Amino acid sequence: MSIMSPCPFRFAIRMPSDHKPNQLTQSLRHIRSQGHEILDLTVSNPTRCGLERPDPSSILDALKDTKSLTYAPVSKGDATARAGIADYYLRRGYTVDPDDLVLTSSTSEAYSMVFRLLCDPYDRILLASPTYPLIHELAELNDIKTDTFPIRWISPHWRNELPAIPASIRPTTRAIVCVSPNNPTGSVLSDADYQHISGYCADHSLALIVDEVFADYPLDPSSRVPSSVSNSGCLTFTLNGLSKVLALPQAKLSWIHVSGPDHLKVKALEHLEHMADHYLSPNAFTINAMPAWFRHSADFQTPILRRLRNNLQYLSSIDQRGFRLLRPDAGWYACLQVLCPPGSTQTDESICLHLLENYHTLVHPGFFFDFETPGILVLSLLTPEESFARGVSNLLQSIASLL
Ligand SMILES: Cc1ncc(COP(=O)(O)O)c(C=O)c1O
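Note that the structure is predicted; figures quoted are calculated from it, not measured. (Residues numbered from 1 in each chain as written. Predicted model: local features only at pLDDT ≥ 70, side-chain atom pairs only at ≥ 80, totals over all residues. Heavy atoms only, no water.)

What follows is about the nonpolar core. Judged by nonpolar contacts, the single largest core of 67 residues is most densely connected at I176, L208 and L315. Each of domain 1 (23-52 + 299-402) and domain 2 (61-294) contributes no fewer than three residues to this core. Sequence-distant contacts of L208, defined by excluding residues within four places in its chain, comprise I176, C178, Y194, I197, C201, N231, C234, L235, T236 and F237. Ranked by size, the runner-up nonpolar core spans 30 residues in total, among them F115, L118, C119 and L269. (Core = buried A, V, L, I, M, F, W, Y, C linked by side-chain atoms within 4.5 Å. Buried < 20%, exposed > 50% of the residue type's maximum accessible area, 1.4 Å probe, protein only. Domains from an automatic or database assignment. Contact = heavy atoms within 4.5 Å.)

Here you go:
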């Protein structure tokens, strides 16, 4: 009898090799452990940044719908809730068929479902970059590879470099992913951009995935953010949800809207419904409360818009010595470029560490988002105004002492 030595236990290779916190996080923990307060200019949780909110009873009473006491699962999500989402789009000026919607418990889950719908293991998606870092991680969890095409600052706007797309397409590329408004650049795809990408996708049998969670937050009151829900030239998946639309991330309710040529759209919806049926993840209490919550959408969004615009106005008004504001068109973030003198060895990470260690002020370094431009810092416009102004003042002093 041969004694086989057992193979050592191993986890799947899609798991990261370690979960060690990066240097900024380590430094943050150390400073907090010493009892120091941090001036946090990265806040993105809308329920914890001192915003005026609708009356709590208008949120909580909606959860008391007796319909929720019966379990009546529907794979794509309850029809009344989907009709409520269609009404939300109507208010934005778009006609949406509730049957073209599939509910999910988060936008992250929506990404995963669409990735699994479109990609075999090791297929690729093309991301407009810099962008929300979680997309890359979600792709990895789904055994998908990512390539990128650039979003560049072409004063006075950030622009998706659409002509750069063809050079990054490979035989195994299945989809192009755009976040519009983008996190963190705040760049927005125009109707003409959608036509351009859509034509390219249709010609090359690619799908288009658009994350529009920040669409309700244009920073110029006179502008609007176009939606991809009306995109019919190629198979298009529009992702959105309550975490930003109603600033209720804890509600855990999002959706996928499918548009495009009929034969593809119908099949895609059948497949998504099939997948959704395996998880049935959105919960009935939230689903049934959503139509009532939507009636208060202005009460959720108006204080946020006011804060975003106040902070952006403040940034635009200060003396831009040592940095320049790369103005966002929409969304919750603003990027600053620190103007390092020639020969400087400072990086966005070293600038953030200096600010954190000497001024106890936290901003995101650009490398978190894969910026190709050096010296980019990302600030959350959701930060309470008074903290934002103090944090920016610390930042200016920190830059002046460092450079
Ligand atoms: C661009 C973008 N998409 C999606 C999400 C997450 O949405 P959800 O909470 O619905 O998963 C975020 C969160 O900040 C985001 O920035």
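There's more to say after this.
Attention now goes to the domain arrangement of the protein. Here the domain parsing of the protein yields domain 1 (23-52 + 299-402) and domain 2 (61-294). A separation of 28 Å is found between the C-alpha centroids of domain 1 and domain 2. Contacts between the two partners involve 28 residues from domain 1 and, on the opposite side, 33 residues from domain 2. Summing both partners gives a buried area of about 2,700 Å² for domain 1 against domain 2, and 64% of it is carried by carbon and sulfur. (Buried area = accessible area lost by both parts, 1.4 Å probe.)

The next point concerns the layout of surface pockets. The gaps left among the atoms become clear once a water-sized probe is rolled over them. By volume, the largest pocket is sized at about 1,100 Å³. Considering the residues around the largest pocket, the lining is formed by 45 residues, among which Y132, P133, L134, E137 and N183 are closest to the centre. Of all the secondary-structure elements, those providing two or more residues to the lining of the largest pocket are helix 4 (107-118), strand 3 (124-129), helix 5 (134-141), strand 4 (145-154) and helix 7 (242-245). Ranked by residue count, the leading element in the lining of the largest pocket is helix 5, at 6 residues. Split by residue class, the lining of the largest pocket holds 21 nonpolar, 17 polar and 7 charged. Shared between two domains, the lining of the largest pocket takes at least three residues from each, and those domains are domain 1 (23-52 + 299-402) and domain 2 (61-294). (1 Å grid on protein atoms, 1.4 Å probe; cavity = no way out; pocket = protein on both sides within 12 Å on 5 of 7 lines; lining within 4 Å. Points joined across faces, edges and corners; volume = space filled by probe spheres on them. Helix = DSSP H or I, 4+ residues; strand = E, 2+ residues; numbered from the N terminus. Nonpolar A, V, L, I, M, F, W, Y, C, P; charged D, E, K, R; others polar.)

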